[in-house]
Amino acid sequence: MFETAQSPANGAACERLILGVESSCDETGLALIALPKFGAPRLLSHALHSQIDMHQAYGGVVPELASRDHIRRVVPLARQVLSESGRLMSDVDVIAYTRGPGLAGALLVGAGVACALGAALGKPLLGVHHLEGHLLSPFLSEDPPEFPFVALLVSGGHTQLMRVDGVGRYELLGETVDDAAGEAFDKSAKLMGLPYPGGPHLAKLAMQGRPDVFDLPRPMLHSGNLDFSFAGLKTAVRTHLVRQGLLDQPALLVEQSTQALLADLAAATQAAIVEVLIKKSLAALKVTGLKRVVVAGGVGANKLLREQLDQACARRGIRVHYPELHLCTDNGAMIALAAAMRIQAGRATLSMEPTFDVKPRWDLSTL
Ligand code: KG4
Ligand code: ZN
C-alpha cells in the first residue's frame, strides 16, 4: 500500500517523524511533523478532507456517513503528506491518532488505520486527546505562546477555560453547563435557515447586521464563576424568529428586507456569544493572575472574537495567541504536534500494542 524503502530525506536520524491522523468528526486530517532532538517540532506537510458538502444536505453530521468517508480518505491523504514532504512510510517513527473525544465510529477508523500501520511497520502508536491537539495548535503559529497560560477552548462540542502550566498539566477553570459556543453558533444559524456548519455562515451574515437591534441574553455572565451557558441564547433566537415569522426559512432565499432583519439577529447572536467568551476569559486571567491567553478550536476562527479579545487584552497588557486560521478547525497537524510535544516533554505513553481503544467521551483534565 505504501512504499517502504529508506528515503534519503530521513538521513538526519537525529529527528523523529510523527504521522498524525485526525478523524474524530467530519474532517479527515493527516500530517507529518519532524521532532528534532532540540528545538520546536516542525510541520512538514498536512492534508485535509472536509465532509461539509456531504453532511450539508442533512443539516448536521451523520455519524455513519462520516465513518465511511474517513475510510475512503485516510490512506490517500497519508500518501499525499508523505509525497509532499519527500518521505516514505518507513521513515515514520511514531503514528499518532485521535483517541477521543468524538464520534465512536469515526474515531475507530483513524485508530484502526493507525494500529494497522503500526503493526505492519513495527512502529509505536500514540493516542492523542483531540482537545489537547486544539490547545497546543498555536505552538505551530508564527507567534507561539509560552507556558503558563489561560486557554479558551471553543469548539463545536466543548467550551472550556483551562489553566495550562505545561504539556499535560491542565486544570479546568470553567466550562459550559449546556451547549458549547460552536453549538450556539450552529443551532442559532440552523434556526435562521443558514447552511451547516452554521458558525462561519452566521459570522458572515452578521457582518451586514447591527448588533444592537435585538436584545439577546448573556447567560451566566454574572454567575460569579467561570462556567458558561448558551442554551438560553438559542431559545431567545428562536423566540425572535417565531415573532417575525421567519423560523427555519432558508435565509439565503428570503427577500432583502428580511435578509437585513436576519443579519441584525445574526449580529446580535454573535455579539452575545463573543461578549460572554471574552468577559469569562478576562475573569479567568484575573483569577489566575496570568498574563497570556490562548484561544483554540473552531470558534477561534471568528473574526469578531479575535478583534474584540485583542483589543480587551491590549488594554490590560495581556498577550493573546491563536492557531493559524487554517489550523483552527479540526486537522491532523494538531494531533501530530500534540504527540510530538508529549514525547518531547517525556509525557507520552507509546504503545506497540495494536489496540482499538477509542474514547468517545474523555475529559481533558484527567490527562
Ligand atoms: O474545533 P472544531 O473544528 O470541531 C470540533 O472539535 O467541534 O469546531 C467546529 C465549530 C463549529 O461549531 C463551527 O460552526 C465553529 O467551530 N466555527 C465558527 C467559525 N468557524 C468555525 N464559529 C464562529 N465563527 C467562525 N468563523
Ligand atoms: Zn475539534
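Turning to helix H2 (residues 63–84), a few remarks are in order. Look at H2: 30 Å from first C-alpha to last across 22 residues, which is about the 32 Å you get at 1.5 Å a residue. The axis of H2 is deflected most strongly, by about 35 degrees, at Arg73, and proline Pro76 appears within four residues downstream. On the buried face of H2, the contacting elements are strand E1 (16–22), strand E2 (27–35), strand E3 (42–50), helix H1 (52–56) and helix H3 (104–121). Backbone geometry just downstream of H2 places Gly86 in the positive-phi region, at approximately 70 degrees.

The subject of this paragraph is the packing of aromatic side chains. Taken as a whole, this structure holds 4 aromatic pairs when the rule is applied. Ring geometry for Phe139 versus Phe147: centroids 5.1 Å apart, planes at 35 degrees, classification tilted. Its relative accessible area of 30% is what places Phe147 among the partly exposed residues. Arranged with centres 5.4 Å apart and planes meeting at 15 degrees, the rings of Phe147 and Phe149 form a pair that is stacked.

This part is about the domain arrangement of the protein chain. By domain assignment, the protein chain separates into domain 1 (15–136 + 328–366) and domain 2 (146–322). Once you take the C-alpha centre of each, domain 1 and domain 2 turn out to be 27 Å apart. Between domain 1 and domain 2, the residue contacts involve 21 residues of the former and 25 residues of the latter. In this assembly, domain 1 packs against domain 2 so that about 1,900 Å² is buried in total across both faces, 69% of it on carbon and sulfur atoms. Inspection of the domain 1/domain 2 interface yields 0 salt bridges. On the surface where domain 1 and domain 2 come into contact, there are 7 residue pairs in polar contact (both at pLDDT 80 or more). Elements supplying a minimum of two residues to the side of domain 1 that touches domain 2: H1, helix H4 (130–136) and helix H10 (332–344).

Among the 17 residues in the neighbourhood of ligand 1, the closest are listed as His134, Gly156, Asp186, Gly298 and Asn302. Here a nitrogen atom of ligand 1 sits 3.0 Å away from a polar atom, N or O, in the side chain of Asn302. Protein burial of ligand 1: of its 560 Å² of free accessible surface, 86% is covered by the chains. Those elements that place two or more of their residues in the shell around ligand 1 are H4, helix H5 (181–191) and helix H6 (198–206). Considering every element that reaches the shell around ligand 1, the biggest residue donor is H5, with 3 residues.

So, on to the pairing of strand E9 (residues 292–296). Burial analysis of E9 places 5 of its 5 residues in the buried class, which makes it a mostly covered element. Because side chains alternate across E9, one face comprises the buried residues Arg292, Val294 and Ala296, and the other comprises Val293 and Val295, equally buried. In this structure, strand E6 (residues 149–154) lies alongside E9, joined through 4 bridges in parallel fashion. Across the sheet, the residue bridging to Leu153 is Ala296, located in E9. Here E9 runs beside strand E10 (residues 319–321); their pairing, made up of 3 bridges, is parallel.

Relative to each other, H5 and helix H7 (residues 231–243) sit at 15 degrees, their axes nearing to 9 Å. If you check the angle between H5 and H7, you find them roughly parallel. As H5 runs across H7, the sense of the crossing is right-handed. Of the residues in H7, those in contact with Lys187, Ser188 and Leu191 of H5 are Lys234, Val237, Arg238 and Leu241. Residues belonging to the contact of H5 with H7 are distributed by class as follows: 3 nonpolar, 1 polar and 3 charged.

Cut-offs and rules
- Residues numbered from 1 in each chain as written.
- Chains lettered and ligands numbered in written order.
- Predicted model: local features only at pLDDT ≥ 70, side-chain atom pairs only at ≥ 80, totals over all residues.
- Heavy atoms only, no water.
- Helix = DSSP H or I, 4+ residues; strand = E, 2+ residues; numbered from the N terminus.
- Expected span 1.5 Å × (residues − 1).
- Bend = angle between axes of the 7 residues up to and from the residue.
- Contact = heavy atoms within 4.5 Å.
- Phe/Tyr/Trp six-rings, centres within 6.5 Å; stacked < 30°, edge-to-face > 60°.
- Buried < 20%, exposed > 50% of the residue type's maximum accessible area, 1.4 Å probe, protein only.
- Domains from an automatic or database assignment.
- Buried area = accessible area lost by both parts, 1.4 Å probe.
- Salt bridge = Lys/Arg side-chain N within 4 Å of Asp/Glu carboxyl O.
- Polar contact = N/O pair within 3.5 Å; in protein donor to acceptor, adjacent residues only side chain to side chain.
- Near = heavy atom within 4 Å.
- Areas by Shrake-Rupley, 256 points an atom, 1.4 Å probe, with all protein chains shown as cover.
- Pairing = 2+ DSSP bridges.
- Axes fitted to C-alpha atoms, helices over the stretch in contact; angles between N-to-C directions.
- Parallel < 35°, antiparallel > 145°, perpendicular 65-115°, else oblique.
- Left-handed = near helix turned anticlockwise from the far one by under 90°.
- Nonpolar A, V, L, I, M, F, W, Y, C, P; charged D, E, K, R; others polar.

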